[in-house]
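# Structural overview
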Amino acid sequence: MANISKNETNLTLVLGGTGKTGRRIVERLEAQGLPVRVGARSAALPFDWADSTTWAPVLQNVAAVYIAFYPDLAVPGAVDIIRAFVDQAVQSGVGHLVLLSGRGEPEAAQCERIVQESGIDWTVLRVSWFSENFSEAFLRDLVLDGVVALPAGAVQEPFISAEDIADAAVKVLTEPGYTGELYELTGPRLMTFAEAVGAIAQVTGREVAYVPISLEAFVAALTEQGIPADFVALIRYLFDKVLDGHNAYLTDGVQRILGREPQDFTEYAQKTAMSGAWN
Ligand SMILES: NC(=O)c1ccc[n+]([C@@H]2O[C@H](COP(=O)([O-])OP(=O)(O)OC[C@H]3O[C@@H](n4cnc5c(N)ncnc54)[C@H](OP(=O)(O)O)[C@@H]3O)[C@@H](O)[C@H]2O)c1
């Protein structure tokens, strides 16, 4: 576990440092013996996007920040929060910002511009849907229920593993030559949600079915389950506006940063099944 490291300088602050990408980045930086600070509400020194008074202490002695905003750069208010945070990071003496961004979201593009115009070094990692949404986020419960009912139709998405995002983020955080660049990262294969669910069923031996449903039925089901309205609104936005087919293309960001191919969804599913995440 990363400690508060009050006396250390040149810290890398990993926001969302206990989440899907952040946790993996922290592990990799610590394995290299580099000084790291976890940024999260549950961290030793708490960081809360909703409480700007928590930001300054967490930014002390920080040289670089990995920014994984929660829940999504597309939610109302995110652009203002990112602007305020970037201002404070610059004032605190941070030298490099690495922003985790999403593809095809105008609000995320606004946040990218704020980071790009910060006046300090920046790198943008604009990524496709994470494979780990099926094992570390809300889709996991649907997999375990055996019925993944989603309003994704036949849309194709190049799912990317958080392992590849973490490898790429660590590289751009620790090695020269990646600043002033926006990298678009995807997995190696366009897949429908039905194919992704099929791959999980195959490697786990579980009966898991993909059922296409309408957006309205999906939203009604989430609301009935008591999911908070703002989260329902975000999920609705993602399936309606982001997963509408305009992101159905592959990019070479992983290859450009890491010099290797990204992990295929089947490899992710096999490794995840072996880890017991779907038991
Ligand atoms: N998931 C995807 O497929 C995907 C695709 C493209 C882009 N993205 C982008 O990736 C970012 C992260 O999304 P994610 O779904 O993968 O989430 P995540 O990083 O797994 O989110 C969880 C992390 O955020 C922290 N957190 C939650 N609420 C917080 C708050 N109020 N203040 C500070 N930290 C908070 C959590 O720690 P605590 O609970 O301890 O605070 C935890 O470390 C988003 O900006 C999203 O747009 C995601």
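In what follows, the structure referred to is the one given above.
Note that the structure is predicted; figures quoted are calculated from it, not measured.

Here we come to the packing of aromatic side chains. This structure, assessed with the given rule, holds 20 aromatic pairs. Consider the rings of Trp-49 and Phe-85, whose centres lie 5.3 Å apart with planes at 65°: the pair is edge-to-face. Here Trp-49 is found in the loop between strand S2 (36–39) and helix H2 (55–59), whereas its partner Phe-85 is found in helix H3 (residues 78–91), with 36 residues between them in sequence. Ring geometry for Tyr-178 and Tyr-183: centres 6.2 Å apart, planes at 55°, overall tilted. Neither residue differs from the other here; Tyr-178 and Tyr-183 are each classed as buried.

Here the focus is the site of the ligand. Of all residues adjacent to the ligand, which total 24 residues, the nearest are Thr-18, Arg-41, Ser-42, Phe-69 and Asn-133. Interatomic distance of 2.7 Å between a side-chain N/O atom of Arg-41 and an oxygen atom of the ligand. A distance of 2.5 Å is found between an oxygen atom of the ligand and a side-chain nitrogen or oxygen belonging to Ser-42. Coverage of the ligand by the protein amounts to 87% of the 880 Å² it exposes when considered alone. The leading source of residues in the shell around the ligand is strand S4 (residues 96–102), at three residues. Here the residues of the shell around the ligand sort into eleven nonpolar, nine polar and four charged.

Attention now moves to the packing of H3 against helix H4 (residues 106–116). In the contact formed by H3 and H4, the axes pass within 9 Å of each other and the chain directions differ by 10°. Comparing the axis directions of H3 and H4 gives the class roughly parallel. The hand of the H3/H4 crossing is right-handed. Of the residues in H4, those in contact with Ala-78, Val-79, Ile-82, Arg-83 and Val-86 of H3 are Glu-107, Gln-110, Cys-111, Ile-114 and Val-115. For the contact of H3 with H4, a count of residues per class yields seven nonpolar, one polar and two charged.

Structurally, Lys-241 can be placed in helix H10 (residues 229–242). Remark: the alpha-carbon pair of Lys-241 and Tyr-70, spanning 171 residues in sequence, is separated by 19 Å.

All buried positions along helix H9 (residues 215–224) are accounted for by Leu-215, Phe-218, Val-219 and Leu-222. The arc enclosing the buried residues of H9, seen along the axis, measures out at 95°, which places them on a common side. Along its buried surface, H9 packs onto strand S6 (147–150) and H10. Once H9 ends, the next one or two residues include Gly-226, with phi positive near 80°.

The rules we used
Residues numbered from 1 in each chain as written. Predicted model: local features only at pLDDT ≥ 70, side-chain atom pairs only at ≥ 80, totals over all residues. Heavy atoms only, no water. Phe/Tyr/Trp six-rings, centres within 6.5 Å; stacked < 30°, edge-to-face > 60°. Helix = DSSP H or I, 4+ residues; strand = E, 2+ residues; numbered from the N terminus. Buried < 20%, exposed > 50% of the residue type's maximum accessible area, 1.4 Å probe, protein only. Near = heavy atom within 4 Å. Polar contact = N/O pair within 3.5 Å; in protein donor to acceptor, adjacent residues only side chain to side chain. Areas by Shrake-Rupley, 256 points an atom, 1.4 Å probe, with all protein chains shown as cover. Nonpolar A, V, L, I, M, F, W, Y, C, P; charged D, E, K, R; others polar. Axes fitted to C-alpha atoms, helices over the stretch in contact; angles between N-to-C directions. Parallel < 35°, antiparallel > 145°, perpendicular 65-115°, else oblique. Left-handed = near helix turned anticlockwise from the far one by under 90°. Contact = heavy atoms within 4.5 Å. Arc of directions from axis to C-beta.

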